[in-house]
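# Reading the structure
For reference, the chains in residue letters:
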Amino acid sequence: MTDQEIIGQILQGDLNRYKLLVERYQSIVFRTCMGFLHNKEDADDLTQDIFIQTYQTLSAYKGEASFSTWIYRITVNASLNKLRKSSKNPFLQRLENVFGSEKGKEYNFPVSDAENPETLIIQAERNEWVEKALNSLPEKQRTAIVLSKYDDLSQREIAVIMETTEGAVEALIQRAKANLREKLSALSKKKKN
Amino acid sequence: MNCQLCQKESDAYHSGNLSEGLRMQVEMHLEHCRDCSESFQLWAIADVVMEAEKAVKSNPFLVTRIMAGIEEMEHEGATRLRIPAYQKVLKPILISASLAAAIFIGVFVGSTYLPTGTVQRIPVELSYMNDAALESVDLYSQL
Ligand SMILES: [Zn+2]
């Protein structure tokens, strides 16, 4: 059954059909949220909000773009909005850090020497560097790099989602990578000193 | 190979998508160029972190949570739809009617009030009259 057929049935009142869409797209929505938020619980909550918001606005979907493009756009906008809101409230963020809200950070890093606490500290530190470096990128560069690295989308697919040209996406990704390297280099030098 | 080309192939190199010839050229450049070598190492770190985040799985009950949220929302919407006559029409009418009544009563009660200052006064001369000295009118009428 195509997305369009499912949407037609939902709009005719068959609410249960929406479950099919959620199952089909939840992993890509979650992964994209993860790329922006770097926190499992926040990404879970935002994924839930996004699917509820998508359901509420489903009648506005006219099928001009594919449903996946549409939901990617909603996800990117929701993630950027969430980041903008949280950056407006640095006090709350600091409080969260102080009270150890490192929720959902227990990823399975491919650590060779996982028992070694020193290795774990280095891993946590590197994790923080990359998060900081990604968060310092301008929104468009960040969107392009998340869609490319976390969602494995081609430059053409990213261009459709971001409503721009493939050339512009290539330039955004190149600049994002250069900025990331520069930022990571600065952070690692700061650590050495 | 120059630095620019080397950086450009960085992604393909890390994901193992370079041809044997290009891979060897990149590695030869990295052996001699400290900048590119450091940059590659940092990118490798970023790659590991991003791959780890990418592998994180969402809450297994997420679909159930989403569907429950939507069903609850729909239920609330249906309850709202069942009483539109009261919620959307009757309530505002009642509120505006009682407001109009309150204003009318206020104006009406206000207009019936007469301050003591405007009540007709008894002429001062009358207070000098001696009622006892007045002749009774009845006396003459009986004649
Ligand atoms: Zn070089």
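Residues numbered from 1 in each chain as written. Chains lettered and ligands numbered in written order. Predicted model: local features only at pLDDT ≥ 70, side-chain atom pairs only at ≥ 80, totals over all residues. Heavy atoms only, no water.

### Description of the coordination of the zinc ion
Geometrically, a metal with four donors at the corners of a regular tetrahedron has ideal angles of 109.5 degrees, and one with six donors at the corners of a regular octahedron has ideal angles of 90 or 180 degrees. All names here are of chain B. Listed as protein donors to the zinc ion are Cys-3 (SG), His-29 (NE2), Cys-33 (SG) and Cys-36 (SG); their distances from the metal cover 2.1 to 2.3 Å. The sequence pattern describing where the donors of the zinc ion fall on their chain is C-x25-H-x3-C-x2-C. Taken together, the positions of Cys-3 in helix H1 (residues 3–8) and Cys-36 in helix H4 (residues 34–54) put the pair 33 residues apart, joining distant regions of the chain. Overall, Cys-36 belongs to the buried group, its relative accessible area being 1%. (Donors = N, O, S within 2.8 Å, 3.2 Å for Na, K, Ca; no water. Helix = DSSP H or I, 4+ residues; strand = E, 2+ residues; numbered from the N terminus. Buried < 20%, exposed > 50% of the residue type's maximum accessible area, 1.4 Å probe, protein only.)

### Focus on the domain arrangement of chain A
Residue and element names in this part refer to chain A. Taken domain by domain, chain A consists of domain 1 (1–88) and domain 2 (109–193). Between the C-alpha centres of domain 1 and domain 2 the distance comes to 23 Å. Counting residues at the interface gives 14 residues for domain 1, matched by 14 residues for domain 2. Both sides of the domain 1 and domain 2 interface together cover about 1,300 Å² of buried area, and 60% of this is carbon and sulfur. On inspection of domain 1 and its partner domain 2, the count reaches two salt bridges. Residue Arg-84 is joined to Glu-139 by a salt bridge in which the shortest nitrogen-to-oxygen separation is 2.8 Å. At the level of secondary structure, the elements contributing two or more residues to the side of domain 1 that touches domain 2 comprise helix H2 (18–37) and helix H4 (67–88). When its residues are assigned to classes, the side of domain 1 that touches domain 2 shows seven nonpolar, four polar and three charged. (Domains from an automatic or database assignment. Contact = heavy atoms within 4.5 Å. Buried area = accessible area lost by both parts, 1.4 Å probe. Salt bridge = Lys/Arg side-chain N within 4 Å of Asp/Glu carboxyl O. Nonpolar A, V, L, I, M, F, W, Y, C, P; charged D, E, K, R; others polar.)

### Let's talk about a nonpolar patch on the surface
Residues Phe-104, Ile-105, Phe-108 and Val-109 of chain B make up a contiguous nonpolar surface patch of roughly 440 Å² in combined accessible area. Structurally, Phe-108 of chain B can be placed in helix H6 (residues 84–112). (Patch = residues over 30% accessible without salt bridge, like charges linked within 9 Å, V, L, I, M, F, W, Y side chains within 5 Å. Areas by Shrake-Rupley, 256 points an atom, 1.4 Å probe, with all protein chains shown as cover.)

### Focus: the pattern of salt bridges
Residues and elements named next belong to chain B. Here the structure, examined in full by the defined rule, presents 13 salt bridges over all chains. Lys-54 is the partner of Glu-51 in a salt bridge, and the nearest nitrogen-oxygen pair spans 3.6 Å. Taken together, the positions of Glu-51 and Lys-54, both in helix H4 and three residues apart, correspond to about one turn of that helix. Among the residues examined, Lys-54 registers a relative accessible area of 17% and is labelled buried.

### Some points on the interface of chain B and chain A
At the interface, 30 residues of chain B touch 38 residues of chain A. Of the roughly 3,500 Å² buried between chain B and chain A on both sides combined, carbon and sulfur atoms contribute 68%. For chain B, the biggest contributors to the area lost against chain A are Trp-43, Glu-53 and Lys-54 of chain B; these three give 19% of the whole. If you look at where chain B meets chain A, you find 13 residue pairs in polar contact (both at pLDDT 80 or more). Taken together, the elements giving at least two residues each to the side of chain B that touches chain A come down to helix H2 (10–14), H4 and helix H5 (62–82) of chain B. It is H4 of chain B that contributes the most residues to the side of chain B that touches chain A, 13 residues altogether. Classifying every residue of the side of chain B that touches chain A gives 15 nonpolar, six polar and nine charged. (Polar contact = N/O pair within 3.5 Å; in protein donor to acceptor, adjacent residues only side chain to side chain.)

### Here we look at the packing of H2 of chain A against helix H7 (residues 139–149) of chain A
Residues and elements named next belong to chain A. Running from N to C, H2 and H7 point in directions that differ by 135°, and their axes come no closer than 9 Å. Classified by the angle between their axes, H2 and H7 sit oblique to one another. Considering the relative orientation of H2 and H7, their crossing is right-handed. Along the contact surface, H2 presents Thr-32, Gly-35 and Phe-36, while H7 presents Arg-142, Thr-143, Val-146 and Leu-147. (Axes fitted to C-alpha atoms, helices over the stretch in contact; angles between N-to-C directions. Parallel < 35°, antiparallel > 145°, perpendicular 65-115°, else oblique. Left-handed = near helix turned anticlockwise from the far one by under 90°.)

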